[in-house]
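So you can see what is in the structure, the chains are spelled out below.
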Amino acid sequence: MKKLSTILLLLTPLFFIGVNSAHSVGFNGISTPDGVYVIAVGDGGLLFRSSNSGNTWSSYTIPSENFKAVFSLNDEVWIAGDNGKVFKTKKMNSSIATYSIGVTNTLRSVCFISESDGFVCGDAGTVYKTTNGGLNWTSSASGITSVNLNSISFKDLQNGVVVGENGKIFTTQNGGATWTPESSPLTKNLLAAQYFTDGIAVCGEYGTLALKPDGSSWSEVNTRINTDIYGISGTGIGNFHVCGGGGFIRNNSNNSPQFLNFEKNPMMGNLVDIVYFGNQGFAVSSLNNAIIRTTNNGQSWELPAGTTVSYSWSQKQQTSGNIGNPFCMHPKNRNGVFILAGSSLYRSYDKGETWTQIASGIPGSSCHSFYVNPLDTNIMVATKGSSNGRVIKSTNYGATWFDLINPIGLTSYGMPLEIDPNSPNTLYLAPDNMAMRISTNFGDTWTELGGGEPGNTFRSPCDIAIQNDNSNIIWIADGTTGSGNGKFWKSINGGLNWTLINSVSGSEIPMIATSALDKDLVYHSTWSSGSFWRSTNAGSNFSNLSQTGSLWASDIAKDDPTAVCYDYYGSNAYISMNMGDNFTQTNVGSSPAAGMCFFDKGNLLIQHGSGVFKCKATYTVLTSVSENVISSVPKDFNLSQNYPNPFNPSTKINYDLPKSGSVTLKVYNELGKEVATLVSGFKSAGSYEITFDASSLSSGIYFYKLDAGGISTTKKMLLVK
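Conventions adopted
In this numbering scheme, every chain counts its residues from 1 along its sequence in written order. For this predicted model, a pLDDT threshold of at least 70 governs which residues receive local features, and a threshold of 80 or more governs which side-chain atom pairs are given and counted, while totals over whole chains, interfaces and linings are taken from all residues. In computing side-chain values, all of the structure's heavy atoms are included and hydrogens and water are not. By definition, any uninterrupted DSSP run of H or I lasting at least four residues is a helix, any uninterrupted run of E lasting at least two residues is a strand, and each is numbered from the N terminus. Atoms counted for the radius of gyration: C-alpha only. Globule rule: 2.2 Å times the number of residues to the power 0.38. Burial classification: accessible surface area is computed with a 1.4 Å probe over protein chains only, and a residue below 20% of its type maximum counts as buried, one above 50% as exposed, and the rest as partly exposed. Only heavy atoms enter the contact rule, under which two residues are in contact if any of them lie within 4.5 Å. Calculation of accessible area relied on Shrake-Rupley with a 1.4 Å probe; when residues are assessed, cover is drawn exclusively from the protein chains displayed. Here Asp and Glu are counted as negative and Lys and Arg as positive; His is not counted, and neither are the chain ends. Charge coordinates come from a single atom per side chain, which is NZ of Lys, CZ of Arg, CG of Asp or CD of Glu. For this analysis, a polar contact is any N or O atom pair within 3.5 Å, provided that within protein one partner can donate a hydrogen and the other can accept it, and provided that sequence-adjacent residues contribute only side-chain to side-chain pairs. Here, a strand pair is defined by DSSP locating no fewer than two bridges between the strands. Convention adopted: a line fitted to C-alpha atoms gives each axis, helices being fitted over their contacting stretch, and angles between N-to-C directions are expressed from 0 to 180 degrees. Side-chain atoms within 4.5 Å link the members of a nonpolar core, which is a set of buried Ala, Val, Leu, Ile, Met, Phe, Trp, Tyr and Cys residues. The term salt bridge refers to a pairing of a side-chain nitrogen on Lys or Arg with a carboxyl oxygen on Asp or Glu at a separation within 4 Å. Two rings belonging to Phe, Tyr or Trp (six-membered ring only in the last case) form a pair when the distance between their centres is within 6.5 Å. Interplanar angles under 30 degrees mark stacking, angles over 60 mark edge-to-face geometry, and anything in between is tilted. For a ring to carry a charge above it, either NZ of a lysine or CZ of an arginine must fall within 6 Å of the ring centroid while also lying within 35 degrees of the normal to the ring plane. The term disulfide is used for any two cysteine sulfur atoms that are within 2.5 Å. Scored from 0 to 100, pLDDT records how confident the predictor is in each individual residue.

**Student:** Mind showing me how you'd approach the overall build of the protein chain here?
**Tutor:** Within the protein chain, the regular secondary structure consists of zero helices and 65 strands. Taken over the C-alpha trace, the protein chain has a radius of gyration of 29 Å; the compact-globule value for 721 residues is 27 Å, and the two agree within 12%. Overall size of the protein chain, expressed as C-alpha extent along the three principal axes, is 95 × 65 × 45 Å. Taken over 721 residues, the protein chain has a buried fraction of 59%. Pairs at least 24 residues apart make up 50% of the contacts formed inside the protein chain by residues separated by at least 6 positions. For the protein chain, the accessible area works out to roughly 25700 Å², and carbon and sulfur atoms hold 46% of it. Each charge sign in the protein chain was given a centre, from 46 positive and 50 negative side chains, and these centres are 6 Å apart.

Here you go:
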């Protein structure tokens, strides 16, 4: 196939001062050849480079292109894009060349085995091969059906794998000359693949993750999530990392076949690609420009230097009449969630962004607990009211309701009803000053169990939780307003006997938070005084996380147990991305607190006051130069006056190059000492705009000097702080 090649733009790694807008177009891929030079790419021609292991970044934009994936090897970098385009550059200073493979399909993955031999794959069964570093491409799709392909990987010149929609996997053992479909149990769209020296790993939508060690058949990992897994990186079948969902990173090191080692990281947004080189790791989101990194093999992750994150809340639905936790995840729709607010039932199919009222006139006052049967979503139960409260049930999707128990002793705040996560028709109920009860037919009949206080009763249970995978372990949070003594109880025999585990100074323990991904992790809040408490041994003992105030709702992200949130009985909520080691305070803007649903790590819902609110994380990323091509090739060499001038702290500098060549743009102080290098390297002809941030400099007169093509010009600017 004949190549088509043009030089687009040189991208130069720089030292970083300026500000890049947060929450703009994010990334699709990231790569590093050595753990030092790193490149990330995204739609809208977004490209970030780092030359210091991701500590700081420079950003560039080529608006006419969409970059879908990136791969680097030694000094070379290749990028896959729209319209059958492959881009090639260097890890250091270099222009970007573009090549057409000969079709207009979108290319979604690129992989090179050597600096000469590489492959791309994309829509409609596209697989192309190069043997000269990307200059020329030929079709290499024999045996592949017309299915959209998302990822391609080779372990050597002969053995490769490509994956795509509907669980399709194809492998080659002859360098791509022919491909053979794999027989596997997978049906969901596959998003990434990695061919290790000892086997293949693939991942995709709905938590799909499967392995095929050399000499074995495919086995699917029970990841216990239904959010998507986007990226794979590691050294072998027994030691690799995956990322995805709302921002999780997990691995299978130390003999964890279910990948239950979760890596604490600050991203509250989907992670769509990950790359490791030794102990260095980098991951990117498609929702923002905050590239996170680890230097200790995932033990901890951090944002780039100077990056900040802020949280804001927006009301998504007006509600009223709640004091417990009326949220319930939709058991059949992975993006769905319900909330029973007072007499009205609402449903969202987009993770709480928009809501539809599906029922009204539901009997009883405020809702405390609400559950939808996982086997039949027409069947629902709820606790309503206080003092002489009631347990009600619907068998027609909330249209009509009838009493199961009425009256029954309920507080005005507690949630003494819980579904067993291991048995869909089993419910537990713990009324005030009565024996705990169990139902195995979703509330139609009940059997009494024991209690914690003398007389086999609890005072005023606020919440119940059952351990995932073990229904014998049950926890109860108990307390009475004004008692000054909240109690946390545990049973290890299905509720027949109870042990007092934690007695706190607060009046009550309002809510318990547990996780299906870490069955030994338990949190509880404390109202009126006390703290937020954490247990890492299934509630056998707790550590005080030294939080203060009247704490209320709490929840753990459903796809990442390292993310937890609790709220204050007021307008504030507190978010942690590291299992409660530290928290960030946020203001929801409405009070008091009621319920919480940490849908996944990137989607957090709270009911406060009269509404359902959703959290948004915004990342402000410090980069050096935001450099863009402004126009076509200009007629004359020119350096424009910076604007604004005077400035504080940032200013823009435009320059025109009628010819390609070596370019430097530097800033000097009044003494002639160089204080910043903005451009250094080869530049294609064109017009450029540089954003220079002088936050680190003191007020005064500075000079910026442009040298290009044997011409030099200098202008003065004034920094006033």
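Moving on, there is more to tell.
**Student:** Sorry, what's going on with the side chain of Gln547 here?
**Tutor:** Along the chain, Gln547 falls in the loop between strand S51 (543-544) and strand S52 (551-556). In this structure Gln547 comes out as buried when scored by relative accessible area, which is 16%. Of the polar contacts made by the side chain of Gln547, one reaches the backbone oxygen of Leu545; its length is 2.9 Å. Residues contacting Gln547, with those up to four places away along its chain left out, are Gly530, Ser531, Phe532, Tyr566 and Phe583.

**Student:** Mind showing me how you'd approach the pairing of strand S63 (residues 686-693) here?
**Tutor:** Residues in a regular strand point their side chains to alternate faces of the sheet. For S63, a buried count of eight out of eight residues is recorded, marking the element as mostly surrounded by other parts of the structure. Side chains Gly686, Tyr688, Ile690 and Phe692 project from S63 onto one buried face, and the interleaved Ser687, Glu689, Thr691 and Asp693 project onto a second face that is buried too. Pairing of strand S60 (residues 650-657) with S63 involves eight bridges; the strand directions are antiparallel. Considered in S63, the bridge of Ser650 is made with Asp693.

**Student:** Looking at this structure, how should I read the sheet that holds strand S45 (residues 474-478)?
**Tutor:** Sheets are built from strands that pair by backbone hydrogen bonding, the pairs being arranged parallel or antiparallel. Read from one edge to the other, the open sheet built from four strands follows the order S44-S45-S46-S47, with strand pairing classed as antiparallel. Strand pairing shows two members of the sheet lacking a second neighbour, strand S44 (461-466) and strand S47 (499-504), which therefore form its edges. Ignoring which end each strand starts from, the neighbouring axes of this sheet average 15° apart.

**Student:** Where do I start with the nonpolar core in this structure?
**Tutor:** Within soluble globular proteins, side chains that are nonpolar generally end up buried alongside one another. By size, the foremost hydrophobic cluster in this structure holds 50 residues, and its most contacted members are Ile30, Met268, Trp313 and Leu604. Per-element tally for this core: the top contributor is strand S58 (residues 611-629), with five residues. When residues no more than four places from it in sequence are discounted, the contact partners of Met268 are Gly246, Tyr311, Met577, Phe598, Lys601, Gly602, Leu604, Cys615, Ala617 and Tyr619.

**Student:** Could you clarify how one ought to interpret the pattern of salt bridges in this entry?
**Tutor:** One side chain can pair with another of opposite charge once the charged atoms of both are near each other. Counted according to the given criterion, the structure contains 24 salt bridges. For Lys601, the salt bridge goes to Asp560, with nearest N and O atoms at 3.6 Å. In this pair, Lys601 sits in the loop between strand S56 (593-600) and strand S57 (603-608) while Asp560 sits in the loop between S52 and strand S53 (564-568), placing the two residues 41 residues apart along the sequence. Assessed through its relative accessible area of 0%, Lys601 is described here as buried. Salt bridges sharing common partners tie together Asp34, Asp75 and Lys91.

**Student:** What is the right way to read the packing of aromatic side chains from this model?
**Tutor:** What characterises a pair of aromatic rings is the spacing of the ring centres plus the angle enclosed by the ring planes. Within the structure shown, the criterion is met by 23 aromatic pairs. With a centroid separation of 6.4 Å and 85° between ring planes, the pair formed by Trp527 and Tyr569 is classed as edge-to-face. With Trp527 in the loop between strand S49 (522-524) and strand S50 (533-535) and Tyr569 in the loop between S53 and strand S54 (572-576), the pair connects residues that are 42 residues apart, well separated along the chain. Between the aromatic rings of Tyr566 and Tyr574, the centroid separation amounts to 4.8 Å while the plane-to-plane angle is 10°, which identifies the pairing as stacked. Across the pair, exposure class does not vary: Tyr566 and Tyr574 are buried alike. Three or more aromatic residues link up through ring pairs in this structure, and these residues are Tyr523, Phe532, Tyr566, Tyr574 and Phe583. Just above the ring of Tyr206 sits the side chain of Lys188; from NZ or CZ to the centre is 4.2 Å. A cation over an aromatic ring shows up here: Arg334 above the ring of Tyr206, its NZ or CZ 3.7 Å from the ring centre.

**Student:** Can you walk me through the sheet that holds strand S29 (residues 292-294) in this structure?
**Tutor:** Spatial strand order, S27-S28-S29: three strands in an open sheet with antiparallel pairing. In this open sheet, the two strands that pair with only one neighbour each are strand S27 (273-277) and S29. Adjacent strand axes in the sheet meet at a mean angle of 15° when their direction is disregarded. Relative to S29, strand S28 (residues 280-284) runs antiparallel, the two sharing three bridges.

**Student:** Honestly, the environment of Thr354 in this entry has me stumped. Any pointers?
**Tutor:** Looking at where Thr354 falls in the secondary structure, it is placed in the loop between strand S34 (344-348) and strand S35 (356-359). What makes Thr354 partly exposed here is its relative accessible area of 48%. Considering only alpha carbons, one finds Thr354 and Gln317, 37 residues apart in sequence, at a separation of 7.4 Å. Engagement of the side chain of Thr354 in a polar contact is seen with the side chain of Asp350, the distance being 2.6 Å.

**Student:** Sorry if this is basic, but what is going on with the pairing of strand S65 (residues 711-719) here?
**Tutor:** Relative to S65, strand S64 (residues 700-708) is paired through nine bridges, and the arrangement is antiparallel. Paired with Tyr702 across the bridge in S65 is Met717. Here S64 hands over to S65 after two residues, with Gly709 in that stretch at a positive phi of 55°.

**Student:** Help me understand the state of the cysteines, please; the structure alone is not making it clear to me.
**Tutor:** Put plainly, a disulfide is one covalent bond tying together the sulfur atoms of two cysteines. The full count for this structure, using the stated rule, is zero disulfides. Here Cys111 is not disulfide-linked; the sulfur of Cys121 is the nearest cysteine sulfur, at 9.5 Å. Judged by its relative accessible area of 4%, Cys111 is buried. This cysteine, Cys597, is not joined by any disulfide, and Cys328 carries the nearest cysteine sulfur, 8.7 Å off.

**Student:** I'm lost on the confidence of the model for the protein chain in this one. Help?
**Tutor:** Detailed reading of predicted coordinates is not advised where the pLDDT is low. The predicted model of the protein chain has a mean per-residue pLDDT of 91, with 95% of residues at 70 or higher. In this model, residues 1-24 is a region of pLDDT below 50 whose contacts with residues beyond four sequence positions or in other chains number 113 contacts.

**Student:** Would you mind going over the environment of Asn226 with me for this structure?
**Tutor:** With respect to the helices and strands, the residue Asn226 is situated in the loop between strand S22 (219-220) and strand S23 (229-236). Given a relative accessible area of 36%, Asn226 falls into the partly exposed group. On a C-alpha basis, the gap between Asn226 and Asp600 in space is 9.9 Å, while along the polypeptide they are 374 residues apart. Residues within four places of Asn226 in sequence aside, it is in contact with Tyr206, Gly207 and Arg334.

**Student:** Honestly, unusual backbone geometry in this entry has me stumped. Any pointers?
**Tutor:** Peptide bonds are mostly trans, and most non-glycine residues show a negative phi. Here the amide bond leading from Asn645 into Pro646 is cis, since omega sits at 5°, within 30 degrees of zero. Considering the arrangement of structural elements, one finds Pro646 in the loop between strand S59 (638-639) and S60. A cis amide bond links Asn648 with the next residue in sequence, Pro649, at an omega value of -10°. Turning to its location among the elements, Pro649 is positioned in the loop between S59 and S60.

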